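A look at the structure
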Amino acid sequence: KQWYQRRVGQIVPYGSQSYIQGETKFPLYTHGGLRLFLDAKFDQGMVNFLDCLKQFLDSIEKKGSFNFPYKIDKSKIGDQKGFYSIKLHFNSEEQWTKALKYMLIDLKWALTVVAHSKRDK
């Protein structure tokens, strides 16, 4: 069941080469090396994925009195202590890793909420 209206395209799960398909194909993977730090499409894919997650979290929050630990603001995620960019380009590895950690924590919480809501029905 779709809980939100996608603004950025459709997430296409394709193993280690998943991507977001909209008007343009944005990969959610890189091949590593120097190209990893210069890959604008990867950065945009991550921003689009974060936008999809934000829409999903917002739809869950609207349905109940549940608040996620980290807030999403465009290409950044964080809390009152600070926000971190999901973009790898012009970002430190430490800050990028924190952004990914926060994103995964919110995603884990969302999956738990959805699983419990289905179980309770």
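Residues numbered from 1 in each chain as written. Predicted model: local features only at pLDDT ≥ 70, side-chain atom pairs only at ≥ 80, totals over all residues. Heavy atoms only, no water.

Observations concerning the packing of aromatic side chains
Rules: Each Phe, Tyr or Trp ring (for Trp, its six-membered ring) is paired with any other whose centre lies within 6.5 Å, and the angle between the two planes then decides the class: stacked below 30 degrees, edge-to-face above 60, tilted in between. The helix count covers DSSP runs of H or I at least four residues long, the strand count covers runs of E at least two residues long, and both are numbered beginning at the N terminus. Whether a residue is buried, partly exposed or exposed follows from its accessible area with a 1.4 Å probe, protein chains only, as a fraction of its type maximum: under 20%, in between, or over 50%, in that order.
Under the defined criterion, the tally for this structure stands at five aromatic pairs. Between the aromatic rings of Phe-66 and Trp-109, the centroid separation amounts to 5.9 Å while the plane-to-plane angle is 55°, which identifies the pairing as tilted. Of this pair, Phe-66 sits in the loop between α2 (40–63) and β4 (71–73) while Trp-109 sits in helix α3 (residues 93–119); the two residues are 43 residues apart in sequence, bridging distant segments of the chain. Residue Trp-109 is classed as partly exposed on the basis of its relative accessible area of 37%. Taking the centre distance of 5.8 Å and the plane angle of 65° together, the rings of Tyr-84 and Tyr-102 count as edge-to-face. Taken together, the residues span a long stretch of sequence, with Tyr-84 in strand β6 (residues 82–85) and Tyr-102 in helix α3 at a distance of 18 residues. Residue Tyr-84 is classed as buried on the basis of its relative accessible area, which comes to 15%. In this structure Tyr-102 comes out as buried when scored by relative accessible area, which is 12%. Among the aromatic side chains, those forming a connected cluster through ring pairs are Phe-66, Phe-68 and Trp-109.

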